[in-house]
Structures are given as C-alpha cells and as structure tokens.
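Below are the chains, spelled out letter by letter.
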Amino acid sequence: MAKAPVLTPQAEDFPRWYQDLINKAELADNGPVRGTMVIRPYGYGLWERMQQEMDARIKDAGAQNAYFPLFIPQSYLTREAEHVEGFAPELAVVTHGGGKELEEPVVVRPTSETIINDYFSKWVQSYRDLPLLINQWANVVRWEMRPRVFLRTSEFLWQEGHTAHASYEDARDYAARIHKDVYADFMTNVLGIDVVLGRKTPKERFAGAINTLTLEGMMGDGKALQLGTSHELGTNFAKAFNTQYLSKDGKQELVWQTSWGVSTRMVGGLIMSHGDDNGLRVPPRLAHVQVVVMAIKGDEAVAKVRELGDRLKALGIRVQVDDRVDTPFGRRAVDWELKGVPVRVEIGPRDLEAGTAMLARRIPGGKEPVSIDALGELLPKVLEEDQAQLLRESRERRESRTSEVTTLEEAAEAATAGGWARIPWATLGAEGEAKLAEQAVSVRCLVAEDGSVPEADDAPGTVAIVARSY
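Residue positions are given per chain, counted from 1 along the sequence in the order it is written. Per-residue local features of the predicted model are confined to residues with pLDDT of at least 70, and side-chain atom pairs are confined, for both listing and counting, to 80 or more; whole-chain, interface and lining totals are unaffected and use all residues. Remark: hydrogens and water are excluded; side-chain values derive from all non-hydrogen atoms of the structure.

Pairing of aromatic side chains here covers Phe, Tyr and the six-membered ring of Trp, requires ring centres within 6.5 Å, and sorts the geometry by plane angle: under 30 degrees stacked, over 60 edge-to-face, intermediate tilted. Counted under the stated rule, the structure contains ten aromatic pairs. When the centroid spacing of 5.0 Å and the interplanar angle of 35 degrees are considered together, the rings of Phe-14 and Trp-17 count as tilted. You can see Phe-14 and its partner Trp-17 sitting in helix α1 (residues 14-24), three residues apart, about one turn around the helix. Any residue under 20% of the maximum accessible area for its type is buried, any over 50% is exposed, and the rest in between are partly exposed; the area is computed with a 1.4 Å probe on protein chains only. The exposure class assigned to Phe-14 is buried, which follows from its relative accessible area of 8%. Judged by centre distance (6.3 Å) and plane angle (45 degrees), the rings of Phe-120 and Trp-123 are tilted. Of this pair, Phe-120 and Trp-123 both sit in helix α5 (residues 113-123), three residues apart, which is roughly one turn of that helix. The numbering of helices and of strands both runs from the N terminus, where a helix is a DSSP run of H or I of at least 4 residues and a strand a run of E of at least 2.

Okay, here's the thing in structure tokens:
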C-alpha cells in the first residue's frame, strides 16, 4: 500500500496544500480569536529576515524609524472622508476601557495616516523641516471576514512609511523610489519573486490616494498576490489635518505626502511562489537557516557537526546544527525539507571515515558526496546558484502563463484558467473592469507596453494585467 503524502499535492488542492504546509512546517497556527494568527518561531524567523533586509533598504532611502500609538481617536478618521469610507467595514472600535464607557470611541490602528498626520502638522513649520521621512514597524487590525493565515488576517505585522514633501514632484519621485529601489529590489533579489511593477486603477487605489503603485507576483496556482504598495497621497491628508509649511517665498503651503507598506503577507507569497509538494523552499539570501549540518548517528559525528557548524558560521553562513541523534534521522530530514532549508549537510560514521559529507540541496533537489574540507568554499556558490534558480523559475512561470488578449472574454478566460492576461487598457476600460469583477477577476495593475510603470492611467499604450487574486 502506497504511503500517504505528507502534504496534499498542489495539483489536487492548492489551498489545502498551503494550509498543510503552514502546519507541518511549523510556520504558524490559528489564534483564539477568529482571523488572528500565532506565528511560530521558524515562521517568525522568516519575518525577522524580511524585516532586516527591508529595514536596511528603507534607511538607505533616508527614512527613520518611529512609533505611533495603537489607539486612534475615531474623530481622526472622519477628517478624510474617502479614507474613512474605504476602511469603515474593517475597523475594530473600542468603546469601553477601565470598566467605563469612553467619552470618544477609539479605533484600533488599521493604518496610521491620520494619527501620523496629526503629528506632522505639529512638527512641520518650515521648508527646512522637509522632506520628513518616517517609517514604523507595527501591528495593525483590519477585521477580516474570510481569513487565511499570512494572506488575510484580522491582525498582521507590517511596516508603514509616511512622508511629507514640499512639492508634488518630490513626493511622486519618493513614492516611485520606494516602489523600485526598496520593494522591487528586495522582492526580486532576496525573495526571488519576479514581481510586476505597475499602477493601480482608480477603482483599486488606496483610500485617500491620488495614485497607488503596486508589486504583483504570480503564485504557484497562477493567481496574483499584491505584495506591496506605495501611495501618492497628494494634499488630501494635509488639507484634512492642516499640515502646512512656510515656503522659501514666505507663503504658507500644504505638504505633499506619500505612504507605503509591506506586511507578513509576504510570508504567504514566499510559500505560494516557491513551495512544492515536499514543502517550503526558502531563497538562500532570505533564509535565517541557510545550511543545517546534521549528525546521522554516533558521538564522533556529533562532535564533527558541531565543529563544522562553528567553522561555517565563522565564514558568514547562517547555520543550524542538528545533533539530535536520539530522534530518527529520516524524520529530522523530512522536517528540514518541509521547512525549506536550502542545504543539508549530513554526516555519519561512514562519512567520517571517508572524509566526506552528503550534500542535499532542497531547491534543485538531489544529493551528492562532497569533501568536508571543501564545504567552506563550495557552499556560498551553491547558495547563490539556488537563489538564481528560484527567481528564474518564478519568471518562467509568469511568462509562460501570461496571455496577450484583445477582448474582455479572452481576459476572463485566461484568468479563470489559472493565468494572467494582458489587454490594452483603452480596450478594457473602467466598464470592462467592472464586468470582470462580476466573475471574480480583477485588474491587478496597469503597465506600459514595455513593462515599465505608466505615468498616468490613460497614458498611450497602457496595458492592464488581469488575473484572479488572493
């Protein structure tokens, strides 16, 4: 009788495979309140590495980290009508505290544009105070009706950047810089996901923005996932909060603003982009455990893997030593495969006699014996090869499953069949976008014919990327 697979095969039931992997790889669990999640240590290690890589890029772009309160007076949200209307269905509101009814209800932070603008209006007085570039790492709450761990949860972790500028051009250029130099660079070169950079349609823009830039990735089942956004807010919030500055000409002017964010949704994107029927596959540049050095059995093997682990760590490789010889080796190997650690170095008594180790590569698969002494030179090369393979596979999947179409019907058919469609925006338009929505198909973004980001919705040659999405 055939042994049952550890995970539900992707081809059989992709959503079930996703949930199986999260459970079996010990990434997360459901929280006690519907829509919340507990991120387990291995899953949180992935998020920490994302934070580290993103934080460095954000700081390189000139932003500084700060922190703002979780509770926001309800009256703040009502100052920007479009913003509150966009978030109203998702708000969690506190009406009682300390056993008493509050004089004014407070909203649990869904995003921080309103409270940060209240302080920007105090901090910005002169053109010398601009640009003001702030980022915070925080949790937010958006009451989710159909939760899915990492993808849609009522509470999630993220970073949110908020900036104020002296001119429209400066704000526009900074939003584009975050979009390309921070988000796209990280997602492409660290996550190994071949994202499409585009512009959201007016229907899909962030509530209160005049333009939203997005990064869309194709998942293993052909659906799209929005992995991050960067928004031009214009002067909408500046008007609502009277955020002004004294210009060089001695005039009071409204600031121009941006906001931008990515979240723990990227962990879900990582799983669905790179995972296979054997579990997760973690890009080596992201992995908090790049190499696990495993003792198969025997005291001598245990001593050797500990010594080798220290030597590899000294070379800058992120290593974990698995010397749990009281646990069956096969079980441990399967667990590390489920977790997607890029490389396993396996050492047993026979390997010690030969001066070799068994090198198991998670991303391309396969095993081969290698000299233990050669590992320090070999492993960095192997890790870079495997990083490149994941990005290549992501790009090939997107290109092979994207169709050039000319009609709304063809666009809907391509999306329903598990792929993306490219259709001229002039052909589709807002009316066609609304009709696609009736079939659970959406315009993920607008791009120029050459793949760049168009400067306007109606720019000549603009193409709509159409897909089903998470």
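And the narrative resumes.
One speaks of a salt bridge when a side-chain nitrogen belonging to Lys or Arg is within 4 Å of a carboxyl oxygen belonging to Asp or Glu. Under the defined criterion, the tally for this structure stands at 29 salt bridges. A single salt-bridge network, built from bridges that share partners, covers Arg-49, Glu-53, Arg-57 and Asp-185.

Within a sheet, adjacent strands bond to each other through the backbone by hydrogen bonds, running parallel or antiparallel. DSSP calls a pair of strands paired once it identifies at least 2 bridges connecting them. As summarised here, the arrangement of the three strands in space is β4-β6-β5, forming an open sheet in which the pairing is antiparallel. At either margin of the open sheet sits one strand with a lone partner, and together these are β4 (71-73) and β5 (93-97). Neighbouring strand axes in the sheet, compared pairwise and without regard to direction, differ in orientation by 50 degrees on average. Strand direction decides the pairing type here: β4 and strand β6 (residues 100-108), joined by three bridges, are antiparallel. Across the sheet, Ile-72 pairs through a bridge with Val-107, a residue of β6. Axis geometry follows a simple rule: fit a line to the C-alpha atoms, using only the stretch in contact for helices, then measure angles between N-to-C directions, giving values from 0 to 180 degrees.

With that settled, consider the pairing of strand β15 (residues 291-295). Counted residue by residue, β15 has five buried out of five residues, so it is predominantly covered. Across the two faces of β15 the burial is the same, with Val-291, Val-293 and Ala-295 and Val-292 and Met-294 all buried. For β15 and strand β16 (residues 319-322), the ladder comprises four bridges, and the chain directions are parallel. Looking at the pairing, Met-294 lines up with Asp-322 of β16.

All right, on to unusual backbone geometry then. The omega torsion across Leu-130 and Pro-131 is -5 degrees, close enough to zero to call that bond cis. Here Pro-131 lies in the loop between α5 and β7 (132-141). In this model, Glu-26 sits at a positive phi of 60 degrees, which is unusual for a non-glycine residue. Tracing the sequence through the fold places Glu-26 in the loop between α1 and β1 (28-30). The backbone of Asn-242 sits at a positive phi, close to 55 degrees, despite the residue not being glycine. Relative to the helices and strands, Asn-242 resides in the loop between α7 (236-241) and β12 (244-246). Here Asn-242 falls in the partly exposed class, since its relative accessible area comes to 49%.

Among the secondary structure elements, Glu-53 is positioned in helix α2 (residues 41-60). Judged by relative accessible area, Glu-53 falls into the buried class, the value being 18%. N or O atoms within 3.5 Å of each other form a polar contact, as long as, within protein, one can give a hydrogen and the other can take it, and as long as residues adjacent in sequence are counted only when both atoms are side-chain atoms. Polar side-chain contacts of Glu-53 include one of 2.7 Å to the side chain of Arg-57. Note on contacts: a residue pair qualifies if any of its non-hydrogen atoms lie within 4.5 Å across the two residues. Not counting chain neighbours up to four residues away, the residues in contact with Glu-53 comprise Phe-186, Val-190 and Arg-285.

The next subject is helix α10 (residues 329-339). For α10, every residue scored as buried is listed here: Arg-332, Ala-333, Trp-336, Leu-338 and Lys-339. In this fold, the buried residues of α10 make contact with α1, α2, β15, β16 and β17 (343-347). Just downstream of α10 lies Gly-340, where phi reads positive at about 80 degrees.

Pairing in this open sheet of five strands is mixed, and the strands run β16-β15-β17-β18-β19 from one edge to the other. Of all strands in the sheet, those with a lone pairing partner are β16 and β19 (367-371), marking the two edges. Adjacent strand axes in the sheet meet at a mean angle of 25 degrees when their direction is disregarded. Sheet contacts for helix α12 (residues 375-400): β15, β17, β18 (356-361) and β19; angle to β18, the most-contacted strand, approximately 10 degrees.

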